[in-house]
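# Close look at the chain arrangement
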Protein chains: 4
Amino acid sequence: MDTRRLEAFSDGVLAIIITIMVLELKVPHDASLPALWGLWPVFLSYVLSFVYIGIYWNNHHHMLHVTQRVTGAILWANLHLLFWLSLLPFSTGWMGENEFDRWPTVVYGVNLLACALAYFLLERRIIVVEGPSGKLAEAVGPDLKGKLSPLFYIAGIAAAWLWWPAVGMAFFVLVALIWLVPDRRIERIVRS
Amino acid sequence: MDTRRLEAFSDGVLAIIITIMVLELKVPHDASLPALWGLWPVFLSYVLSFVYIGIYWNNHHHMLHVTQRVTGAILWANLHLLFWLSLLPFSTGWMGENEFDRWPTVVYGVNLLACALAYFLLERRIIVVEGPSGKLAEAVGPDLKGKLSPLFYIAGIAAAWLWWPAVGMAFFVLVALIWLVPDRRIERIVRS
Amino acid sequence: MDTRRLEAFSDGVLAIIITIMVLELKVPHDASLPALWGLWPVFLSYVLSFVYIGIYWNNHHHMLHVTQRVTGAILWANLHLLFWLSLLPFSTGWMGENEFDRWPTVVYGVNLLACALAYFLLERRIIVVEGPSGKLAEAVGPDLKGKLSPLFYIAGIAAAWLWWPAVGMAFFVLVALIWLVPDRRIERIVRS
Amino acid sequence: MDTRRLEAFSDGVLAIIITIMVLELKVPHDASLPALWGLWPVFLSYVLSFVYIGIYWNNHHHMLHVTQRVTGAILWANLHLLFWLSLLPFSTGWMGENEFDRWPTVVYGVNLLACALAYFLLERRIIVVEGPSGKLAEAVGPDLKGKLSPLFYIAGIAAAWLWWPAVGMAFFVLVALIWLVPDRRIERIVRS
């Protein structure tokens, strides 16, 4: 079984997630500019989650590019990742509507953490199938970014919980910036 | 006519169904944790239906992998399956919002039963076209899981109706667990 | 330019239209059976429109299968068809919510008529590009069904307007039944 | 890395954007014709934005057709374009619901301007990767339409802001008409 239909299904789900998030940006009934300004927390949450889905799509794209074979376990690890990503519109909307209040920000961070762990599990599962000498294993290497991200999410969750939501958000934005650079390691391996 | 566009369309519909179900998880206006806990029945329903759509996608994927030719009757049997699956967001939402009350649980079970029968009809239709010596006929064989599932759904519907919805739910979860194992029979045939 | 991406985009739009129509089937807050029965007009409208989108997908699939070349005019004729189809969730919802009242039924018929005309225009446009000796021209032939449908829609619209909406609906159901049989003419040509 | 999956993902997002816009066309509870007429501003906004998404899909299709290689920067330039396009359902809905009031019309124009700039950035990025002697560079040439559009959007925004929203709308409709003609330059290059 090849990766074609897995990619098509994942692309479909990611395309829908990234697009229905905008439905949380409810059209104000008032035609005034203040009514528009009032949406800034929802808009900012949307931008951040859009970037995150973009990062996941990008890395997913790279990862499956060096994957040869799809097993049942990989299919389910992929669905598990899509499950946590599918909750992002909800946690994004909750955080935006409550203007980055404490609990919504904590829950948003937990959602991001769950996505990161699900991505890690999918990556490990593919490496198990492809073998330690496969392209993905070589490409991922020590995977510094993959190991730092969960720590940063946990730090962000703790900061939002115990201290100040804005500090938590800073961590979540930081991880997005770290990942915005596409995984050049895989690109390098693919080219060579 | 090959299976390519049938797969693409089905993938699209399944990707949308699995994603719009999350829209039933309405963002609470309150930023408190109790407001979030209040969503547990909707969340649990979402998880179960997500797993079911995943199972259908998975098995559909396997089934069309061993299908050579698509006729008009197969196209319509496939649309018939997608129709019942497209009602899952509705029945899931109704059950979740009413915290697994009797009638919503019964209707959810009827919806699952209708999906199972539609899948069975599609499978039979493909076997008729491919012939009894085709790959799918060989792969499905006596199809124990396919024959047990409707019985379990009916048991669950009866239990929810006459006795206690939670017992019905237990049956629906049980069938999902049985199917979570991908159809290794087909995988085996494909490999050989 | 080949038909691949045109098919992919059309499949995507049709898959979304067929699926978001179910969002008009609003989850009742009440867990009783009468609350569910109250949805029958919305449900019936959904079934009819689901079948119609299925028919359009099916025929579109057949038509593009015998199309070799895509021009800018074909792209726009295709988008024009998708535009009218994209209004079906709206007209279906309006008709269902008002229990097949006069004006919503008339508007639903007008929407179906507009879809049929847009499909006809797309077909003609492809035939112009492919030439009168192309496969599609041969396959369509005198196109009895294509010419009868608009007449039946107009009869249905007139009946719903001047007489009784139920008679109009009978016409719309009749056309769906006529088309449910896939276009065997094209299938025959493709095979030969 | 080839353009296949980039096209598939963009097609998915564009198909969803073009379809969920119709959700802003809320089903009126009243079954009368006046209730339907009351939707004309929302309907007109929908038509215009549908045409715009169609234009972007069309030009995107042509542009990627002459693109050979996809880099990380192109992926992100493409996501940046999809981001601004994903806001169109929001700005379209706001403008329609407020019957082309001043600020919504200005914001709609700003959204169109942002989409045009994002498209321009994506085009430039691809030309940088493909080189000045690439097919796209040759096809785009002096790119008169691409340079006029932002000026017309700015004129429309200024007119809606300082003078009369209807004049601004006239500019936005004018740009759509200019682009409705598919990019024959690229078609010509592709053919030769």
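A brief structural summary.

The rules we used
Residues numbered from 1 in each chain as written. Chains lettered and ligands numbered in written order. Predicted model: local features only at pLDDT ≥ 70, side-chain atom pairs only at ≥ 80, totals over all residues. Heavy atoms only, no water. Helix = DSSP H or I, 4+ residues; strand = E, 2+ residues; numbered from the N terminus. Rg over C-alpha atoms; globule rule 2.2 N^0.38 Å. Contact = heavy atoms within 4.5 Å. Areas by Shrake-Rupley, 256 points an atom, 1.4 Å probe, with all protein chains shown as cover. Lys, Arg positive; Asp, Glu negative; His and termini not counted. Charge placed at Lys NZ, Arg CZ, Asp CG, Glu CD. Expected span 1.5 Å × (residues − 1). Buried < 20%, exposed > 50% of the residue type's maximum accessible area, 1.4 Å probe, protein only. Buried area = accessible area lost by both parts, 1.4 Å probe. Salt bridge = Lys/Arg side-chain N within 4 Å of Asp/Glu carboxyl O. Polar contact = N/O pair within 3.5 Å; in protein donor to acceptor, adjacent residues only side chain to side chain. Nonpolar A, V, L, I, M, F, W, Y, C, P; charged D, E, K, R; others polar. Core = buried A, V, L, I, M, F, W, Y, C linked by side-chain atoms within 4.5 Å. Phe/Tyr/Trp six-rings, centres within 6.5 Å; stacked < 30°, edge-to-face > 60°. Least-squares fit on C-alpha atoms with pLDDT ≥ 70 in both. Patch = residues over 30% accessible without salt bridge, like charges linked within 9 Å, V, L, I, M, F, W, Y side chains within 5 Å. Axes fitted to C-alpha atoms, helices over the stretch in contact; angles between N-to-C directions. Left-handed = near helix turned anticlockwise from the far one by under 90°.

Attention shifts here to the overall build of chain A. In terms of helices and strands, chain A carries 10 helices and zero strands. Sequence-ordered secondary structure for chain A, helices as α and strands as β, is α-α-α-α-α-α-α-α-α-α. Relative to the 2.2 N^0.38 estimate, which gives 16 Å for 192 residues, the radius of gyration of chain A is 18 Å and therefore close to what a compact globule would have. Residue pairs at least 24 apart in sequence account for 80% of intrachain contacts in chain A once pairs closer than 6 positions are excluded. When the accessible surface of chain A is totalled, it reaches about 7,500 Å², and 69% of it is carbon and sulfur. In chain A, 14 side chains carry a positive charge and 14 a negative one; their mean positions are 9 Å apart.

Once that is clear, we can look at helix 9 (residues 165–180) of chain C. Residues and elements named next belong to chain C. Its 16 residues place the ends of helix 9 23 Å apart at the C-alpha level, agreeing with the 22 Å of an ideal helix rising 1.5 Å per residue. Three or more residues of helix 9 are buried, namely P165, V167, G168, M169, F172, V175, A176 and W179. If you follow the buried residues of helix 9, they end up packed against helix 3 (40–65), helix 5 (88–97), helix 6 (102–130) and helix 8 (144–162).

Here we come to the interface of chain B and chain C. The partner chain C presents 38 residues to the 30 residues of chain B that form the contact. Taking both partners together, chain B and chain C bury about 3,100 Å²; carbon and sulfur atoms supply 74% of that area. The largest contributions to the chain B side of the interface with chain C come from R5, W76 and F90 of chain B, which together make up 26% of the buried area. The partner of R5 of chain B in a salt bridge is E7 of chain C, with the nearest N and O atoms 3.4 Å apart. Between chain B and chain C we count eight residue pairs in polar contact (both at pLDDT 80 or more) in total. Of all the secondary structure elements, the ones that give two or more residues to the side of chain B that touches chain C are helix 1 (4–20), helix 4 (72–86), helix 5 (88–97) and helix 6 (102–130) of chain B. Among the elements that make up the side of chain B that touches chain C, the one with the highest residue count is helix 1 of chain B (10 residues).

Attention shifts here to the pattern of salt bridges. Evaluated as defined, the whole model comprises 20 salt bridges over all chains. R5 of chain A is the salt-bridge partner of D11 of chain B, the closest N and O atoms lying 2.6 Å from each other. With one member in each of two chains, D11 of chain B in helix 1 and R5 of chain A in helix 1 (residues 4–20) form a pair that bridges those chains. Note on accessibility: D11 of chain B and R5 of chain A belong to one class, buried. Residue K26 of chain A pairs with E24 of chain A through a salt bridge whose shortest N-O separation is 3.8 Å.

Regarding chain A and chain C, which are not in contact, the minimum distance between any of their C-alpha atoms is 9 Å. Across the gap from chain B to chain D, with no contact made, the nearest C-alpha atoms are 9 Å apart.

With 29 residues of chain A in contact, the opposing surface of chain B contributes 39 residues. The junction of chain A with chain B conceals about 3,100 Å² of combined surface from both sides, 74% of it contributed by carbon and sulfur atoms. Applying the counting rule to chain A against chain B returns two salt bridges. Inspection of the chain A/chain B interface yields eight residue pairs in polar contact (both at pLDDT 80 or more). Put simply, the parts of the chain that give the side of chain A that touches chain B at least two residues each are helix 1, helix 4 (72–86), helix 5 (88–97) and helix 6 (102–130) of chain A. Looking at which element gives the most residues to the side of chain A that touches chain B, the answer is helix 1 of chain A, with 10 residues. Class assignment of the residues belonging to the side of chain A that touches chain B gives a composition of 19 nonpolar, five polar and five charged.

Before going further, it helps to spend a moment on the nonpolar core. Counting 258 residues, the largest nonpolar core has Y52 of chain A, Y52 of chain B, Y52 of chain C together with Y52 of chain D as its most contacted members. Beyond its immediate sequence surroundings of up to four residues, Y52 of chain D is in contact with Y108, L112, Y153, F172, V175 and A176 of chain D.

Right, let's talk about the packing of aromatic side chains for a bit. By the definition in use, this model includes 52 aromatic pairs over all chains. Relative to W84 of chain A, the ring of F83 of chain A has its centre 5.1 Å away and its plane inclined at 80°; by these criteria the two rings are edge-to-face. Judged by relative accessible area, F83 of chain A falls into the buried class, the value being 8%. Residue classification places W84 of chain A among the partly exposed residues on the basis of a relative accessible area of 25%. A ring pair is formed by Y52 of chain D and Y153 of chain D, whose centres lie 6.3 Å apart and whose planes are at 45°; its orientation type is tilted. Of the two residues, Y52 of chain D is situated in helix 3 (residues 40–65) and Y153 of chain D in helix 8 (residues 144–162); the sequence distance between them amounts to 101 residues. Grouped by ring-pair contacts, the aromatic residues F43, Y46 and F50 of chain A together with F83 and W84 of chain D constitute a single cluster.

Let us now look at the relation of the copies chain B and chain C. For the pair chain B and chain C, the best superposition has an RMSD of 0.0 Å and corresponds to a rotation of 90° with a translation of 0.0 Å parallel to the axis. With respect to symmetry, the two chain copies, as superposed, fit the operation of a four-fold axis. Taking C-alpha positions as the reference, the residue of chain B nearest the rotation axis is G12 of chain B, at 4.4 Å. Taken together, the interface assignments show that only 7% of the residues at the interface of chain B recur at the interface of chain C, consistent with different surfaces on the two copies.

Next up on the list: a nonpolar patch on the surface. Residues and elements named next belong to chain A. On the surface, a cluster of nonpolar side chains totalling about 380 Å² of accessible area is made up of L144, L148, L151 and I154. One can find L151 in helix 8 (residues 144–162). Judged by relative accessible area, which is 52%, L151 ranks as exposed.

Let us look at the relation of the copies chain A and chain B. For the match of chain A to chain B, the screw axis carries a shift of 0.0 Å, the RMSD comes to 0.0 Å, and the turn is 90°. Comparing contact sets, just 7% of the residues at the interface of chain A also lie at the interface in chain B, consistent with a heterologous contact between different surfaces.

Another aspect to go through is the side chain of T105 of chain A. Here T105 of chain A lies in helix 6. Setting aside anything within four residues of it in sequence, one finds T105 of chain A in contact with M95, F100, A160, P165, M169 and F172 of chain A.

With that settled, the discussion passes to the side chain of D11 of chain A. Note on D11 of chain A: relative accessible area 4%, which makes it buried. Here W57 of chain A takes part through its side chain, which lies 2.9 Å from a polar atom of the side chain of D11 of chain A. Aside from chain neighbours lying at most four places away, what touches D11 of chain A is W57 of chain A together with R5, A8 and F9 of chain D.

With that settled, the discussion passes to the packing of helix 3 of chain D against helix 9 (residues 165–180) of chain D. All names here are of chain D. At a closest axis distance of 10 Å, the pairing of helix 3 and helix 9 adopts a crossing angle of 35°. Here the hand of the crossing between helix 3 and helix 9 comes out left-handed. Taken together, the residues of helix 9 that come into contact with helix 3 (itself represented by L48, V51, Y52, I55 and N59) are M169, F172, V173, V175, A176, W179 and L180. The residue inventory of the contact of helix 3 with helix 9, partitioned by class, reads 11 nonpolar, one polar and no charged.

This part is about unusual backbone geometry. Residues and elements named next belong to chain A. Backbone geometry places E99, a non-glycine residue, at a positive phi of 50°. Looking at the secondary structure, you find E99 in the loop between helix 5 and helix 6. Positive phi, normally seen in glycine, also occurs at F100, with a value near 60°. Along the chain, the position of F100 falls in the loop between helix 5 and helix 6. Here F100 falls in the buried class, since its relative accessible area comes to 17%.

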